[in-house]
Amino acid sequence: MATPTQIRSPYDRRVELVKDTIKDHSKLGDKAAGDLAVHVLHVLNTIPEKVR
C-alpha cells in the first residue's frame, strides 16, 4: 500500500521558504520562525500590487 503524499499549497511553500530564511539569519527556533513567517507573508500580501 502506498503512503499518502501530502499536497502542499503554494502558500505553504512560501511560508516554509520564509521560515527557513528567518531561521538561517537569526537565532529563532522553528516555531517562532514559522509564526514570524506567517506574519511577514500577511504583511506582504496587504501591500497593493502596484506598489510591489
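The preceding data block contains the structure.
Here goes a summary of the coordinates provided. Computed from a predicted model, the values in this text were never measured in an experiment. (Residues numbered from 1 in each chain as written. Predicted model: local features only at pLDDT ≥ 70, side-chain atom pairs only at ≥ 80, totals over all residues. Heavy atoms only, no water.)

1. Observations concerning the environment of Val15
Let me state the cut-off plainly: Secondary structure elements follow DSSP: runs of H or I of four or more residues count as helices, runs of E of two or more count as strands, with numbering from the N terminus. Accessibility here uses a 1.4 Å probe with only protein chains present; expressed as a share of the type maximum, an area under 20% marks a residue as buried, one over 50% as exposed, and anything in between as partly exposed. Residue contacts are defined here by distance: any two heavy atoms, one from each residue, within 4.5 Å place the two residues in contact.
Within the secondary structure, Val15 sits in helix H1 (residues 10–24). Classification of Val15 as buried rests on a relative accessible area of 14%. Sequence separation between Val15 and Ala37 is 22 residues; the distance between their C-alpha atoms is 5.7 Å. Ignoring any residue separated from it by four or fewer positions in sequence, one finds Val15 in contact with Ala37, Val38 and Leu41.

2. Observations concerning helix H2 (residues 30–46)
To keep things clear, this is the line we draw: One fewer than the residue count of a helix, multiplied by 1.5 Å, yields its expected span.
For H2, which comprises 17 residues, the first-to-last C-alpha distance of 25 Å matches the rise-based estimate of 24 Å (1.5 Å per residue) to within 8%. Looking at the packing, one finds that the buried side of H2 touches H1.

3. A word on the nonpolar core
Defined as follows: Put simply, a nonpolar core is a bunch of buried Ala, Val, Leu, Ile, Met, Phe, Trp, Tyr and Cys residues held in one set by side-chain atoms that sit within 4.5 Å of each other.
Ranked by size, the top nonpolar core spans six residues in total: Val15, Val18, Ile22, Ala33, Ala37 and Leu41. Elements that contribute at least two residues to this core include exactly H1 and H2. With sequence-adjacent residues up to four places away left out, Ala37 is seen in contact with Val15, Val18, Lys19 and Ile22.

4. Side note on the environment of Val38
One can find Val38 in helix H2. Put simply, Val38 and Asp12 are 26 residues apart on the chain and 9.5 Å apart in space, counted from C-alpha to C-alpha.

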